[in-house]
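Observations on the model geometry
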Amino acid sequence: MSLLQNCRLIRSTSDLPVLMKEGDIMIGALFSLHDTVLESPSSFTAEPHPTQCSGFNFRTFRWMQTMIFAIEEINRDRQLLANLTMGYKIYDSCSTHFHALRTALALMNGNKEGTGISECRGRVPVVIGDGGSTLSLVVARFLGVFHVPQVSYFSSCACLSNKLEFPAFLRTMPSDFFQVDALAQLVRHFGWRWVGTFAGDDAYGRGGAQIFNDDVTKLGACIAFYEIIPKNHDQTEMSRIVQRIRESGTRVVLVFALEQDARALFWEALRQNLTSIQWLASEAWITAAVLSTPEFHSILQGSMGYAIRRADIPGLEPFLLRLHPSKYPEDPFVLQFWEEMFKCSLGTSNKGSFYRPPCNGSEILAKTGNIYSDVSQLRISYNVYKAVYAIAHALDSMLRCEPGKGPFTGGLCPNTSSIQPWELLNYLKHVHFTNDFGEETKFDGNGDPVAMYDLINWQLSGNGEVRYATVGRFDETMQPKLVIEEKNIIWNGNQKQVPMSVCSTSCPPGTRKATRPNFPLCCFDCIVCAAGERAPSVHYLYKVLHPDPQFPAGLAEHCAEIEMKMPVLRAVHLVFSFLYPIQSNSETDCKLWKDLDSTVVYKEGHVVLAGMFPIHSKGIDQEINFRSQPDQRKCRGFNMRVFRWSQAMIFFIEEINRNPTLLPNITLGYQLYDTCGLTALSLRTALSVVSQPMKRSDSGQCFSPSIPIIIGDSGSTLSMAISRLLNLFRIPLVSYFASCACLSDKHQFPYFFRTIPSDVNQASALARLVKHFGWTWVGTVGADDAYGRTGIDLFTTAVTRLGVCVAYRVIIPKLPTQQQLQDIVRTIRDSTAHVLVVFAIEEDIKPVVDEIIRQNVTGKQWVASEAWVTSTLISTRENYPSLSGTIGFAIRRAEIPGFKHFLESIQPLAEPYNAFAREFWETQFQCSVNTSLPTPSTTDPVHYSHSCTGMERVQDTHSIYNDVSELRVTYNMHKAIYTVAHALHNLLQCQRENGSALTQQCPDIHNLQPWQVVEVLKKVNYTNTFGDVIHFDKNGDPVGSYDIVNWQREADESPVQYVTVGRFDSSLLTAQQLVLNQDKIIWHGGANKVPVSVCSASCPQGYRKVTREGQPVCCYDCVLCAEGSISNTTADQHNVTEMSCMILPLACSSMHRRQRTESISTSLMCWKMTVNSLRALKLSPVPLMAGPVWWLFHTALGVQQLLEPLEDW
């Protein structure tokens, strides 16, 4: 038998419709030709069918045709790419993460199966696409594994400029960093100081809105509100967020969202008849035809925003109109396009019960007037055109390379007969040309183009249609950058005058500003100047009458100099990532994608479980210039806690293998991987797992170990990336530490399970804890990842519904600068909120805590999420003075018999060889192990000055590795491994039902398909040895069960103890879920009394609450009740409902003044009215009969009873 192995296509991509034309150089492309996916429920009793796309997008189809037009135009050019033709391979990514990854995988796959290595080729060297930022984030991480350059035409998220994470990503669409800068300059120019912000719930919306909020705040304006538009467009939530506009009092609102999300918002604004708002648009919807329709004219007229530059492309319109199904019978997209355009059937697709008349072939495309053939606003189409030409010019430069003068090491030129993606990337990064429209095309160091925008204003033409009027421009290369033609602007309501949007109007002469505590500087009261203080100058009065739009800092209304400080926080989304080189391939190599395998610990078994762990905490920085083939990036920061988790997986598998009743005669094996906490390596690991069927054994044969399931990864962000990739292969992922609520979405993550509760439970529990202790004014801090951002957003939503207000929202950047840390701590320190809730992993919160200690910030009550509440890295003796009394929710712990002995029995060279164990040994004992056995390819070796003796004993050490006092995540690992074992055991019990026609064949446990495991995982239900019932709900989540932990210590120098002071169990009745032993809690500073955290102190008796306009309900002023009225509630600091004064006929109570003139009958009538009014309070829906009102009721009743006999007498 020949050692040359067949190459295979991945089945996951073989059924995808593709438009392909051969050429010397093939260009890959992704376009979201459909907007939605038809849901097909899967029972997992049979292999699931591929999902179907729906909602054909004519605009995107035009973009795709523009790419083909540009390629054909280049192929006709005798100067550009002479003697070479460009081909293409185009897929529909269907606007979903799943399809975007699936199509990207297809582009990296071969064209056909074959018997030779040359026939296995087919991978494209560059990809154009995808459209949206969220999709491009997913695709860019995947393509990065292969160093394949990606050129996007519509992805603008500033996060994609991060070259550490996306070194192979370029775009012809300007980064939102520039758009946001332009929008902020617009706000500044028109003097708007009170602006609301809406963001779409995606990378584009959240990223852009956050930068905008930070920028305008830095310029002196204030954010009136910041709301997220939910993707499901829930009616209740949409109504609430639109109502925020009314409550805030702002006149100017930015909507940073895709057109479909903006449309949902405007439908609700239309329903609420919100017509007085000046809308600012992001480029995603400023020229959207679906919004410039007559029904929206009343609210959107005058909208303003930036649009990317347009161009008139000669010849494009007739090229678009050339299409006809008879000319392109093999093009699957043309056939769909024709059927959708003319609502007829070509008989090529199955529409089910939906009937369409047959197409007759006489349909005329030119008469449709559809957005497809509308070439009046070629903006994104122009971006596609520029992307194709940028690639062509890069390829042309490669062909013209002179030997000895090339850009690569030693002046080498690339081999143009076999173009490597990383070589093309180098040329793309340096491309620089002027196109036929006179526009300079190049990329900066971040892969971004020159940022140029048109300032667009929506104006109604004479025929009642919206006209996109250009009223200015923004060009980052020009001075000034922003030019506005103000006289040409039409504002909301068909006005010519600039709308005014402020929180507080200017103070009149003779008064000064008094900034309200805990509120933005734009919100203030006007107080009369004290005697001896001067009123504002004539110069200032002129400025009031003629406002300077540049927010002059020196002209604030004042009687005396007032120093004002405002921290500006910007969340910088920078996360470490890296890409791995594609190793050389030989004829005897049968690995699916060359050398992707990064396994470092392996043991064979009938069924092999893969485990993914961030055993190293970070990667070592390296410069990638693509002038040579990139080296493998190394990892550092050995994490002993995570290493313990990996050892726990081995321990539990060995324990199961010894169990005679669980999985009898079946041996579990394992493959353990180190992901370094990096997305790229996590994806690489997942690819290694799915390529296992092509792995070669020692005998030279390809074998197929059964790896139907993966355990991991730890973080939510990593698990999201892995799960999206594994979806393509229907491989279930069981996580032990990924708690983000977003992972409960079965549409995005149908094969994801976990043994850690979803953060939905934790956020709800934290909100109820805050409410329980009467805290109505709290701060929130979150890490800049899926766990942190989603966690604090869920908490904020839950706690707001309970009447609690959030004082601030701080995001911790992944790589914070010292200045950012100081700003974060300053916000915490200066806020009057004495309680803060922190959602972050220990690595992210540590630098903030270090800065807290450096500044000696005390007096704050910390509430911790489960990721750090039992962290020994944070709960140190040095940190305790600032963090004493910390309270939070911890996942349940367990004491696992025999585990400590197993951990301490580890040997660095034991069989099977565990390279992690060797590194642990060297790290623990600071010595080098003498062996020729290899270290993991990702590990950066550390050389110690002396060798290990072999006499070292783990039992003599104490570290987090062998500390088994807080086995919480380890217990989650126990549940994950045993749950998988029980699922496999249930498969063993499968028996064919004799005589039943519905019987299906039982799966072969020795050759399991991953999708077969999914169904039994969903139905697992057992009680483990610790008495806990283990099962998953419909979202793949376990029961939300937590211990409430409080940091205490017995003496000043004693270690911190995690004292359990309560519990939370979501499976119980609501009233029984939260249980607290309040007497056991020690608060910050050693206090036994619950700390107080309110925005405004309770109003005294005789006063009423007056909520400040546009501010949270927890912040109010206390105003004295008028004579003859009384406040209708008690002075309860925890009650944030509005107090009012009740007018009562209490004039009759002034008996000392009226006793001599009033008759007994008149007095009795007054007191009866008083009693009846107070009885009405007692019977009202809100019980207000307490305190002074209760006393008054009984007094009035007593006087009435006293006067009634006198009246009769």
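Every value quoted in this text rests on a predicted model; they were computed, and no experiment measured them.

The subject of this paragraph is the confidence of the model for the protein. On average, residues of the protein score 81 in pLDDT, and 80% of them are at 70 or above. Taken as a whole, residues 112–121 scores under 50 in pLDDT and shows 25 contacts with residues more than four places along the chain or in a different chain. Taken as a whole, residues 560–597 scores under 50 in pLDDT and shows 122 contacts with residues more than four places along the chain or in a different chain.

Before going further, it helps to examine the packing of aromatic side chains. The way to describe two aromatic rings as a pair is by their centre distance and the angle between their planes. Going through the model one piece at a time under the given rule, you end up with 56 aromatic pairs. Ring geometry for Trp-1047 and Tyr-1058: centres 6.4 Å apart, planes at 55°, overall tilted. Note that Trp-1047 is positioned in strand β36 (residues 1041–1048) and Tyr-1058 in strand β37 (residues 1057–1065), a separation of eleven residues in sequence. Residues Trp-1047 and Tyr-1058 agree in their burial class; the two are buried. Taken together, the ring pairs connect Phe-56, Phe-58, Phe-61, Phe-337 and Tyr-372 into an aromatic cluster. When the ring centre of Phe-319 is taken as reference, the NZ or CZ atom of Arg-322 above it lies at 3.6 Å. Over the ring of Tyr-382 we find Lys-386; its NZ or CZ atom is 4.5 Å from the centre of that ring.

Where charged atoms from two side chains of opposite charge approach closely, those side chains can pair. Inspection of the entire model under this criterion finds 38 salt bridges. Glu-340 is paired through a salt bridge with Arg-356; the nearest N and O atoms lie 3.3 Å apart. With Glu-340 in helix α11 (residues 332–342) and Arg-356 in the loop between α11 and α12 (380–399), this pair connects stretches of sequence that are 16 residues apart. Asp-830 is the salt-bridge partner of Arg-829, the closest N and O atoms lying 2.9 Å from each other. A relative accessible area of 38% places Arg-829 in the partly exposed class.

Before going further, it helps to spend a moment on the nonpolar core. Grouped together as the largest cluster of nonpolar side chains are 107 residues, with contacts concentrated most on Phe-31, Phe-61, Met-67 and Phe-337. When residues of this core are assigned to domains, at least three fall in each of domain 1 (18–34 + 53–110 + 120–173 + 314–348 + 356–438) and domain 2 (176–309 + 451–488). Excluding anything up to four places from it in sequence, Met-67 contacts Ile-27, Ala-29, Phe-31, Tyr-88, Ile-90, Ile-128, Val-384 and Val-388.

Glancing now at helix α2 (residues 97–108). With twelve residues, α2 should cover 16 Å at 1.5 Å per step; its first-to-last C-alpha distance of 17 Å lies within 8% of that length. Counting buried residues along α2, eleven of its twelve residues qualify, which places the element largely inside the surrounding structure. Among all positions of α2, only His-97, His-99, Ala-100, Leu-101, Arg-102, Thr-103, Ala-104, Leu-105, Ala-106, Leu-107 and Met-108 are buried.

The mixed open sheet is built from eight strands, whose spatial order is β30-β29-β31-β32-β33-β36-β37-β38. If you trace the sheet from one side to the other, it starts and ends with β30 (805–812) and β38 (1074–1076), each paired once. With direction set aside, neighbouring strand axes in the sheet form an average angle of 25°. The pairing of β36 with β37 spans eight bridges and is antiparallel. Bridge pairing in β37 links Gln-1048 to Gln-1057. The strands touched by helix α21 (residues 842–854) within the sheet are β29 (777–783), β30, β31 (835–839) and β32 (861–864), with β30 carrying the most contacts at an inclination of about 110°.

A separate point is the side chain of Lys-975. Mapped onto the secondary structure, Lys-975 falls in helix α25 (residues 969–988). As a buried residue without a salt bridge, Lys-975 has its nearest oppositely charged side chain in Asp-1028, at a separation of 5.3 Å.

This part takes up the packing of α2 against helix α4 (residues 133–144). Orientation of α2 relative to α4, taken along the N-to-C sense of each, is 35°, at an axis distance of 9 Å. Of the two elements, α2 crosses α4, and the hand of that crossing is right-handed. Contact residues: His-97, Ala-100, Leu-101, Ala-104, Leu-105 and Met-108 in α2; Thr-134, Leu-135, Val-138, Val-139, Phe-142 and Leu-143 in α4. Taken together, the residues of the contact of α2 with α4 break down into ten nonpolar, two polar and no charged.

Moving on to the sheet that holds strand β2 (residues 25–31). Taken in spatial order, the six strands make up an open sheet running β1-β5-β2-β6-β7-β8, and their pairing is mixed. Whereas interior strands pair on both sides, the edge strands pair on one side only; in this sheet they are β1 (18–21) and β8 (169–171). Pairing of strand β6 (residues 127–128) with strand β7 (residues 150–152) involves two bridges; the strand directions are parallel. Considered in β7, the bridge of Ile-128 is made with Val-151.

Procedures and definitions
Residues numbered from 1 in each chain as written. Predicted model: local features only at pLDDT ≥ 70, side-chain atom pairs only at ≥ 80, totals over all residues. Heavy atoms only, no water. pLDDT = per-residue confidence, 0-100. Contact = heavy atoms within 4.5 Å. Phe/Tyr/Trp six-rings, centres within 6.5 Å; stacked < 30°, edge-to-face > 60°. Helix = DSSP H or I, 4+ residues; strand = E, 2+ residues; numbered from the N terminus. Buried < 20%, exposed > 50% of the residue type's maximum accessible area, 1.4 Å probe, protein only. Lys NZ or Arg CZ within 6 Å of the ring centre and 35° of its normal. Salt bridge = Lys/Arg side-chain N within 4 Å of Asp/Glu carboxyl O. Core = buried A, V, L, I, M, F, W, Y, C linked by side-chain atoms within 4.5 Å. Domains from an automatic or database assignment. Expected span 1.5 Å × (residues − 1). Pairing = 2+ DSSP bridges. Axes fitted to C-alpha atoms, helices over the stretch in contact; angles between N-to-C directions. Lys, Arg positive; Asp, Glu negative; His and termini not counted. Left-handed = near helix turned anticlockwise from the far one by under 90°. Nonpolar A, V, L, I, M, F, W, Y, C, P; charged D, E, K, R; others polar.

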